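# Examining the three-dimensional arrangement
If you want the building blocks of each chain, they are given just below.
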Amino acid sequence: MPVVELNINRIRKLVSGNVTRKQILDVLPFLGLDIESEVGDEIRIEYSPNRPDYSTDYGIATGLQGLLGIKKGIQKTYIKKKGKFAIKVDSTVTKIRPYLTGIVATNGKLDDVAIKQLMNMQEDLHFGIGRKRKKSSIGLHDADKISFPLTYTTVSREHKFTPLNSSTEQSIDEILANTEVGQNYGYVIGDSKNVPIIFDSEQNTISFPPIINSALTTVTSNTRNILIEVTGIDKEATEDMLSVVVSILQTAGFEFNELKITGNKNSTPQLKEKIMIYDPKFTSEIIGIEMSPSNMVTCLKKCRLDASVKGKKITCVIPRYRFDIFSPMDLTEEIVLGFGIANIEPKLSPSTTIGQKNDVTIKTKLISQTAVGLGFLEAMNSSLTSKKVLYEMTKRDSSEIISVLDSKSQEHKILRDSLLPSLLDNLSKNIHESYPQKLFETGVVFSKGKPIHESINLAVIIAYKDTNYSEIKAIMQSLLRTNFKINSETKTSKNNELFSIGRHADIFVNENKIGEIGEIDSNILENFRIRTSVVGFEIKLSGLIFD
Amino acid sequence: MSQVFHDIEKKILVTLQKVPNQTPEQLSINTELSIDQVRRGIEWLRLKDLAIVDESQKITFSLGLNGLDSLKNGLPERKLINMLKDEPKTFDQIRSALSGAGFNVAIANAKKNGWIKIEKNNSDSLVSIKEKPIETPEEKLLSLIGENSITQEEVTNPLAMKILLSRPNYIIQTSEKLKTISLTDAALSLDTSISSSGAIDVEAEVPSIFAARTHPLQDTIDEIREIFVNLGFSEILGNMTQSSFWNFDALFTPQDHPARELQDTFYLENLESKNPATLSQIKNVSSSHNKNWKYDWKLSESQKMVLRTHTTCVTIKHLAEQKPENARIFSLGRVFRNEKVSYKHLVEFNQIEGIVIGNNTTLRDLMGIQKEFYKKLGLTKIKFWPTFFPYTEPSLQTMVYNEKLGKWIELFGMGIFRPEVTKPLGIDKPVLAWGGGIERIAMLKYELDDVREFYNNNLSWLRSA
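Residues numbered from 1 in each chain as written. Chains lettered and ligands numbered in written order. Predicted model: local features only at pLDDT ≥ 70, side-chain atom pairs only at ≥ 80, totals over all residues.

## Focus: the overall build of chain B
Just so we agree on the cut-off: By the criteria applied, helices consist of DSSP H or I runs no shorter than four residues and strands consist of E runs no shorter than two, each listed in order from the N terminus. Radius of gyration: over C-alpha atoms. The globule rule applied is 2.2 Å multiplied by the number of residues raised to the 0.38 power. Around each residue's C-beta, the other C-beta atoms within 10 Å are counted; 20 or more make the residue buried, 12 or fewer make it exposed, and counts in between make it partly exposed. All C-beta atoms are placed from the backbone. Each residue gets a C-beta atom placed from its backbone, and two residues are in contact if those atoms lie within 7 Å.
Along chain B, the regular secondary structure elements total 20 helices and 16 strands. Whereas a compact globule of 465 residues would reach a radius of gyration of roughly 23 Å, chain B reaches 46 Å, over 25% beyond that. Projected onto its principal axes, the C-alpha positions of chain B cover 130 × 85 × 40 Å. Relative to its 465 residues, chain B shows a buried fraction of 39%. Within chain B, contacts between residues separated by at least 24 positions form 70% of all contacts whose residues are at least 6 apart in sequence.

## Structural notes on the packing of helix H1 (residues 7–18) of chain B against helix H3 (residues 35–47) of chain B
Residues and elements named next belong to chain B. We count it as follows: Angles run from 0 to 180 degrees between N-to-C directions of axes, and those axes are lines fitted to C-alpha atoms, restricted for helices to the stretch in contact. Roughly parallel refers to an angle under 35 degrees, roughly antiparallel to one over 145, roughly perpendicular to one between 65 and 115, and oblique to any angle outside these ranges. Residue type decides the class: Asp, Glu, Lys and Arg count as charged, Ala, Val, Leu, Ile, Met, Phe, Trp, Tyr, Cys and Pro as nonpolar, and the leftover types, Gly among them, as polar.
The contact between H1 and H3 brings their axes to 9 Å, and the two run at 85 degrees. With respect to H3, the element H1 is oriented roughly perpendicular. Two secondary-structure elements touch here, H1 through Ile8, Glu9 and Ile12 and H3 through Gln37, Val38, Arg40, Gly41, Ile42, Trp44 and Leu45. Across the contact of H1 with H3, the residue classes tally to six nonpolar, two polar and two charged.

## A word on the domain arrangement of chain A
Residue and element names in this part refer to chain A. We count it as follows: What counts as a domain boundary in this text is fixed by an automatic or database domain assignment.
If you check the domain split of chain A, you get domain 1 (3–67), domain 2 (79–262), domain 3 (274–341) and domain 4 (359–540). Computed over C-alpha atoms only, the centres of domain 1 and domain 3 are separated by 23 Å. The partner domain 3 presents eight residues to the eight residues of domain 1 that form the contact. A class-by-class count of the residues in the side of domain 1 that touches domain 3 yields two nonpolar, four polar and two charged.

## Structural notes on the nonpolar core
A general tendency of soluble globular proteins is for nonpolar side chains to be buried together. Residue and element names in this part refer to chain A. We count it as follows: Think of a nonpolar core as buried Ala, Val, Leu, Ile, Met, Phe, Trp, Tyr and Cys residues chained together by C-beta atoms that fall within 7 Å.
In this structure, Leu300, Leu423, Val460, Ile461, Met476 and Val534 are the most contacted members of the largest nonpolar core, which totals 137 residues. The dominant element in this core, judged by the number of residues it contributes, is strand S24 (residues 452–463), at seven residues. Look past the residues within four positions of valine 460 in its chain and what remains in contact with it is Ala371, Phe376, Phe440, Ile475, Met476, Gly536 and Phe537.

## Examining the pairing of strand S14 (residues 392–402) of chain B
Residue and element names in this part refer to chain B. What counts, and what does not: DSSP calls a pair of strands paired once it identifies at least 2 bridges connecting them.
As defined by bridge partners, strand S13 (residues 382–386) adjoins S14 across five bridges and the pair is classed as antiparallel. Bridged to isoleucine 382 within S14 is valine 400. A loop of five residues connects S13 with S14, the two strands running antiparallel in sequence. Where S14 and strand S15 (residues 407–417) come together, eight bridges link them in antiparallel fashion. Residue pairing in the sheet places methionine 399 in a bridge with glutamate 410 of S15. Counted along the chain from S14 to the antiparallel partner S15, the turn is four residues long, and its residue glycine 406 has a positive phi close to 70 degrees.

## A closer look at the domain arrangement of chain B
The assigned domain composition of chain B is domain 1 (63–159) and domain 2 (216–462). Each of domain 1 of chain B and domain 2 of chain B was reduced to a C-alpha centroid, and the two centroids are 95 Å apart.

## So, the confidence of the model for chain B
Residues and elements named next belong to chain B. What counts here: pLDDT runs from 0 to 100 and stands for how confident the predictor is about each residue.
Within chain B, residue pLDDT values average 89, and 97% of them lie at 70 or more. The secondary-structure element of chain B with the lowest mean pLDDT is helix H6 (residues 91–97), recorded at 81, while strand S7 (residues 234–236) shows the highest, at 97. We note a pTM of 0.78 for the whole complex and an ipTM of 0.88 for its interfaces.

## Examining the environment of Ser488(A)
By the secondary structure assignment, Ser488(A) is in the loop between helix H14 (469–481) and strand S25 (489–492). By C-beta crowding, Ser488(A) is classed as buried, having 20 other C-beta atoms within 10 Å.

## So, the interface of chain B and chain A
On the side of chain A, 72 residues touch chain B, which itself brings 78 residues to the contact. Within the side of chain B that touches chain A, the residues separate by chemical class into 37 nonpolar, 21 polar and 20 charged.

## A few points about the sheet that holds strand S12 (residues 348–357) of chain B
Residue and element names in this part refer to chain B. Spatial strand order, S7-S11-S12-S16-S15-S14-S13: seven strands in an open sheet with mixed pairing. The sheet is open, and its two edges are formed by S7 and S13, each paired on a single side. Going across the sheet, the axis of each strand differs from the next one's by a mean of 30 degrees, ignoring polarity. One ladder, built from three bridges, connects S7 with strand S11 (residues 327–336); its direction is parallel. From the neighbouring strand, serine 234 faces S11, where its bridge partner is isoleucine 329.

## Topic: helix H11 (residues 216–230) of chain B
Basically, it comes down to this: Helices are assigned an expected span. That span is 1.5 Å times one less than the residue count. The directions considered for the arc run from the helix axis to the C-beta atoms.
The end-to-end C-alpha separation of H11(B) is 21 Å, in line with the 21 Å expected for 15 residues at 1.5 Å each. Three or more residues of H11(B) are buried, namely Leu217(B), Gln218(B), Thr220(B), Ile221(B), Ile224(B), Arg225(B) and Phe228(B). Taken down its axis, H11(B) places every buried residue within 160 degrees of arc, on the same side. Its buried side turned inward, H11(B) meets strand S20 (377–378) of chain A together with S7, S11, S12, helix H18 (439–446) and helix H19 (453–456) of chain B. Just past H11(B), the residue Gly232(B) takes up positive phi, approximately 95 degrees.

Written out as structure tokens, the structure is:
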């Protein structure tokens with residue numbers, strides 16, 4: 001979950017002068033925000049990826065004002081239509097990054113803290129709804145450094161300009177190779193010969209989307225007017241992103257001027273609200289509380305939406321940046337938040353169903369109980385294990401290996417097809433503990449099938465100096481006889497590197513092989529640095545005691 | 001009635017009847033009991049007024065480094081005398097023969113004994129023997145101690161001892177507490193052979209043994225499963241390996257969602273599910289994605305096999321296949337996340353998830369089930385906070401107050417399945433869902449602060465937890 005850092009005094013000022021620190025800390029969780037840490041006046045907050053408007057203190061303050069009852073309803077956005085701001089989209093971008101949207105925010109002021117927050121917000125938007133800048137990406141520019149109108153077009157990779165945070169001109173190829181953003185996001189452009197670019201009317205490079213802005217238009221605390229441009233491969237996604245930035249800059253005190261967009265399926269964004277009409281009965285049924293429609297309207301307004309009762313229905317006005325609201329169910333959640341979860345009384349209705357454990361669970365438990373009765377300690381190992389333990393140290397056949405892609409942990413890369421290797425590994429890590437050591441495990445093992453077959457196995461292992469084949473065979477037969485009345489027999493089997501020659505067998509029940517048993521070979525024990533005798537067996541329970 | 005004696009008591013009594021006044025160490029040798037057993041036996045006999053324990057202090061003397069040297073080569077004053085035997089010597093000559101502090105000590109003591117006379121010259125002093133030096137009491141004492149040690153009582157000349165003690169490193173004085181055990185008159189006349197026995201040392205240490213047991217985490221899993229069953233939920237099982245269709249697509253997670261990426265999800269190498277779902281399920285899910293998320297849904301993405309990231313894929317598949325009218329079901333098992341392993345994160349952990357469909361499916365009911373669930377776990381101080389899950393709306397999380405840690409801890413999450421999840425699968429009624437990770441609860445129960453401990457199978461922990 002993304003994190004935002006806030007100063008509590010800044011938030012108090014944004015919400016209104018007389019709200020207390022305690023009020024803010026108490027209400028934050030009820031906006032769905034988790035307080036991760038609190039050091040002095042600095043707090044770190046986790047917000048949900050579906051609410052990118054909470055990526056800055058402006059957005060959070062807007063939410064707090066609602067729940068605290070200080071300001072309710074929608075913040076309406078007025079966009080001045082007439083102006084000099086315009087951009088033309090050239091058809092050459094169609095195949096690379098076809099859509100551009102934007103707006104000009106005017107007459108505002110951002111301090112250094114606000115600029116830092118906006119930069120973080122951009123990164124969170126790029127990662128989340130921007131899908132790592134592939135679907136959409138934003139650029140913020142000092143509009144006073146730009147001569148309008150602009151052109152969104154493509155240039156060759158030899159094109160040079162001075163990128164953000166640099167003082168020298170670099171070519172597109174150099175930027176992609178040498179800058180961190182170039183290395184991280186160059187994949188979006190791939191090996192396309194030409195790349196997207198925004199020029200102003202004097203042919204100054206403004207931006208190289210989705211990689212980097214030009215140094216020329218750097219936003220600082222002196223910037224008063226900001227050009228916001230969003231490019232992407234999905235028109236809706238670019239406008240989603242734009243609407244979040246607009247809502248935040250609006251709270252920061254900016255006004256908005258239209259950026260006229262023409263050309264190639266692009267159009268000037270309207271950032272229109274969405275209207276949803278729905279039946280309040282639905283919400284009452286979901287929450288389990290009879291709530292009057294007017295009460296619901298109040299709740300919706302506390303969540304910074306607009307709503308009114310019309311006949312038996314509620315008409316709800318949803319600002320453009322709340323694109324997380326799909327359906328009446330989402331409005332129900334808003335009503336729950338506005339009403340306050342703390343005000344909803346839990347109710348325990350009698351169950352009309354009778355609970356039951358699964359047969360597999362019941363029978364596996366029976367086996368475990370017998371194993372404990374025979375003096376065995378239960379081990380639990382990961383199903384994802386390492387090639388080293390599963391195949392190399394045990395010299396087992398790895399031709400049917402099942403691997404996961406790109407595991408972050410060396411020890412967890414292979415799905416186990418057997419339980420014994422991990423039990424040997426357990427013994428190996430406990431050689432300083434007293435003997436005898438007796439372990440068992442029941443668990444899922446995997447084999448290639450259509451596409452994968454999962455079954456439940458039982459493995460048992462004994463380690464101490466006098467243990468031998470007879471002891472483990474007696475244990476195995478007792479485990480199957482107790483409760484399940486299964487008679488098993490052992491038959492000489494062909495050599496297997498896990499076990500000592502002549503001291504292992506296949507386990508059969510009714511002519512079907514269900515597993516293997518034997519004394520573990522001394523070479524294998526040496527691999528695990530175990531200096532005592534070890535015997536063990538493993539059988540497949542699936543198909544034997546349950547289906 | 002004859003007294004019942006422990007074997008230890010009996011052995012001590014018999015030994016002391018033969019040889020009175022023994023130390024515990026002597027008793028240990030004579031009875032062949034360990035010193036601890038002897039001490040315990042003496043204590044029991046003392047409490048029965050059969051033994052008397054005399055405590056005294058024993059002071060012994062032995063020779064220190066200088067004492068041993070003098071024993072061999074004579075005291076410094078004796079060495080001086082030996083040098084002067086043939087002719088008088090100057091200070092310079094003596095000083096070069098008796099190095100260091102030896103010179104001053106030798107001159108001072110020889111003079112005190114009246115053995116020498118000193119004549120002053122122009123530049124030096126000349127020393128000569130005055131009278132025949134006889135053996136001093138200190139020298140006698142040195143030979144008496146010799147290379148052994150003697151007790152205070154054995155010191156014949158206390159003044160000589162005082163003098164030697166005042167000279168550095170000549171005498172080592174040690175003192176130890178001494179216990180002497182003797183028997184009371186009653187004990188002396190006891191006939192231990194007729195007293196009944198068979199008693200054993202019930203206070204002795206015994207070797208540790210360990211109970212065989214089920215794994216502590218398994219115990220917690222079973223306890224939680226039991227609570228679900230008591231709340232009317234029936235258990236369903238499903239595979240850990242799932243197609244992306246059931247793990248993600250059926251749960252309305254768009255195909256380009258960051259959670260689906262390799263860095264969060266384990267994809268299985270070269271494995272895919274040819275027919276992850278029925279044709280109509282695929283058609284409906286795909287159109288829900290296309291309509292709501294506005295992108296081009298691809299079957300190939302949904303065919304990729306993953307290790308399930310939650311047990312929800314099992315419950316949703318069950319609902320889509322069975323379409324029950326009224327049911328409480330749950331699914332419990334391992335789930336996987338491609339994360340770095342740390343004290344708070346595992347790549348594989350246990351999750352439980354229950355769902356309710358049919359009657360009593362309001363948010364209040366869901367909260368009521370939660371409250372009852374925690375009550376059965378002994379957790380009564382709980383509250384609910386809003387949260388976000390991609391496939392439920394509204395979504396809540398439970399916060400449970402932990403007295404030991406003194407803070408609120410996030411436990412299970414809950415919510416109502418979004419219509420975008422249920423409708424395409426032909427489920428018309430609201431479905432409540434709730435659940436979470438089990439290791440978190442087990443960590444509280446076993447007071448662990450490192451979740452990896454559960455899978456280390458460390459015998460010292462398993463045997464003592």
